Amino acid sequence: MKKLLITGGAGFIGSEFVRQGVKRGYKIVVVDKLTYAGDMERINESGKAVTFCKADITDSDSIRNIFKTERPDTVIHWAAESHVDRSILDATPFLETNIRGTQILLDAARRYETSRFINISTDEVYGDLKEEGQFYEDTPLNPSSPYSVSKASADMLARAYYRTYGLPVITVRPSNNYGPWQYPEKLIPVVILKALNNEKIPVYGTGKNIREWTFVSDCVDAVFLVAERGEAGEIYNIGSGEERRNIEVVKDILRLLGKPEDMIEFTKDRLGHDYRYSLNAEKIAKQLQWKTKTSYEQGIDRTTKWYMDNMEWTKGKLEHLSRYWKVVYQQ
Ligand code: NAD
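Residues numbered from 1 in each chain as written. Predicted model: local features only at pLDDT ≥ 70, side-chain atom pairs only at ≥ 80, totals over all residues. Heavy atoms only, no water.

A. How the structure looks around the site of the ligand. Lining the immediate environment of the ligand, one finds 28 residues, of which Asp32, Ser82, Tyr147, Lys151 and Asn177 sit closest. One nitrogen or oxygen atom from the side chain of Asp56 is found 2.9 Å from a nitrogen atom belonging to the ligand. Within the backbone of Trp78, one N or O atom sits 2.9 Å away from an oxygen atom of the ligand. Elements supplying a minimum of two residues to the shell around the ligand: α1 (12-23), α5 (146-165) and β7 (176-178). (Near = heavy atom within 4 Å. Polar contact = N/O pair within 3.5 Å; in protein donor to acceptor, adjacent residues only side chain to side chain. Helix = DSSP H or I, 4+ residues; strand = E, 2+ residues; numbered from the N terminus.)

B. Up close: the packing of aromatic side chains. Applying the stated rule across the entire model yields 13 aromatic pairs. When the ring of Tyr126 is compared with that of Phe135, the centres are 4.7 Å apart and the planes differ by 20 degrees; the resulting orientation is stacked. Using a relative accessible area of 3% as the deciding quantity, one classes Tyr126 as buried. When its relative accessible area of 2% is taken as the criterion, Phe135 is described as buried. One aromatic cluster in this structure is built from Phe17, Tyr26, Trp78 and Phe224. Looking at Arg24, its charged tip hangs above the ring of Phe224, at a distance of 4.0 Å from the centre. Geometry around Tyr165 places Arg110 over its ring, the cationic atom sitting 3.5 Å from the centre. (Phe/Tyr/Trp six-rings, centres within 6.5 Å; stacked < 30°, edge-to-face > 60°. Buried < 20%, exposed > 50% of the residue type's maximum accessible area, 1.4 Å probe, protein only. Lys NZ or Arg CZ within 6 Å of the ring centre and 35° of its normal.)

C. Structural view of the packing of helix α6 (residues 187-196) against helix α11 (residues 311-328). Viewed as axis vectors pointing N to C, α6 and α11 meet at an angle of 100 degrees, and their least axial separation amounts to 12 Å. The angle between α6 and α11 places the two elements in the roughly perpendicular class. Between α6, through Val190, Leu193, Lys194 and Leu196, and α11, the contact on the second element is made entirely by Met311, Thr314, Leu318 and Trp325. For the contact of α6 with α11, a count of residues per class yields six nonpolar, one polar and one charged. (Axes fitted to C-alpha atoms, helices over the stretch in contact; angles between N-to-C directions. Parallel < 35°, antiparallel > 145°, perpendicular 65-115°, else oblique. Contact = heavy atoms within 4.5 Å. Nonpolar A, V, L, I, M, F, W, Y, C, P; charged D, E, K, R; others polar.)

D. Representation of unusual backbone geometry within the structure. Unlike most non-glycine residues, Arg71 shows phi in positive territory, near 45 degrees. Tracing the backbone through its elements, the reader meets Arg71 in the loop between α2 (60-70) and β4 (74-77). A positive phi angle, close to 55 degrees, is found at Gln289, a residue other than glycine. Position of Gln289 relative to the elements: it lies in the loop between α9 (282-288) and α10 (296-309). We classify Gln289 as exposed; its relative accessible area is 52%.

E. Local environment of the confidence of the model for the protein chain. The pLDDT averaged across the protein chain works out to 97; a share of 99% of its residues lies at or above 70. Per-element confidence in the protein chain ranges from a low mean pLDDT of 85 for α11 to a high of 99 for strand β10 (residues 235-238). (pLDDT = per-residue confidence, 0-100.)

F. How the structure looks around the pattern of salt bridges. On inspection of all chains with the given rule, the structure shows 23 salt bridges. For Lys186, the salt bridge is made with Glu185, and the minimal N-O distance between the two is 3.6 Å. A single burial state applies to Lys186 and to Glu185, both of which are buried. For the salt bridge of Glu297 with Arg244, the shortest nitrogen-to-oxygen distance reads 3.1 Å. Of the two residues, Glu297 sits in helix α10 while Arg244 sits in strand β11 (residues 243-245), which places them 53 residues apart along the sequence. A cluster of three or more residues bridged by salt bridges with shared partners is formed by Arg24, Asp221, Glu228 and Lys293. (Salt bridge = Lys/Arg side-chain N within 4 Å of Asp/Glu carboxyl O.)

G. Just the domain arrangement of the protein chain, in detail. Domain boundaries in the protein chain define domain 1 (3-177 + 215-238) and domain 2 (180-211 + 243-279 + 294-329). Measuring from the centre of the C-alpha atoms in domain 1 to the corresponding centre in domain 2 gives 25 Å. Put simply, domain 1 and domain 2 have four salt bridges between them. Taken together, the links from domain 1 to domain 2 amount to 24 residue pairs in polar contact (both at pLDDT 80 or more). Contributing elements (two or more residues each) for the side of domain 1 that touches domain 2: α1, α3 (84-89), β6 (169-174), β7, α7 (216-229) and β10. Looking at the side of domain 1 that touches domain 2 residue by residue, the classes come out as 13 nonpolar, eleven polar and 14 charged. (Domains from an automatic or database assignment.)

H. Fine view of the sheet that holds strand β2 (residues 27-32). In space, the seven strands of this open sheet follow the order β3-β2-β1-β4-β5-β6-β10, with parallel pairing throughout. Each having just a single partner strand, β3 (50-54) and β10 make up the two edges of the open sheet. When the angles between neighbouring strand axes are averaged without regard to direction, this sheet yields 20 degrees. Bridge count between strand β1 (residues 3-7) and β4: four bridges; the pairing is parallel. (Pairing = 2+ DSSP bridges.)

Structure representation (structure tokens):
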């Protein structure tokens, strides 16, 4: 593995992958459309090791040209429309980018004989759980939202290219990521920024829904292990075991910021809201010796401090988000 083509490398997790990839000495080609969620500031300091191609993965001519020119040996496919709430408002860009875009990349990887294709799926493809149980890599897919349906479709398509054409695809299914540079529409940055701005903090329904929180650099470590040593055709769950109710996460952040709990405002529940996700991640732990380095407590503390130190980065984004929040939370 020498030259990596990283889609979505200007996004939240993709940019952490780029920053780590540079430190690990890889040559990197980033392909990103720079949607509202993409931002070059996340990878500005990456220097000459990174070639940036502004391109839409649904544009097959551009994608084919990039493969032809750059000849990457490994593809790490992070690019996606990634926010469930937006998929509930309009599924179209999710189906286009997440399904059609993935197909275009798979076809290019076949044509230019890429030796590895890491497809980033999600725990949400499994659907949801009640209080008990876990998702294993062979649990049937049962997605609930337009977002998770689009990711499940891409997940199956990528594996079909392995089975049908022998393209060396590996699938990873990470749990909820959090950490620095996350676009402030996702739960943790929403809570931090609203609390810092002394605004009400919207929490869906009862706040009892449970998510499994993996710190972004731990997830990226896992994907490097998979890319370097994983087996073609295999699937790896990536989960920290750190399950928390949404309301607990909100209260933990308020405590860290010294803010009162009466800032919390329960809103109408998200349509089709999944109750709980929980991944069994023994396979990646045993086969590739992955383990998390950052506990939930450390991760929340680091993330909160990062947003406090980087308020400038969020300013323009918050203006863009204020109209969107009125629709999503019906405030
Ligand atoms: P993000 O929304 O922060 O970043 C997505 C990136 O993809 C952006 O830079 C955007 O500009 C780019 N992009 C979107 N559409 C594109 C297109 N048509 N062509 C080219 N580039 C395009 O997403 P993220 O949170 O970093 O997630 C990255 C991947 O990990 C996604 O595939 C997501 O489904 C998956 N994932 C995320 C989480 C999480 O908690 N964030 C959990 C599990 C899986």
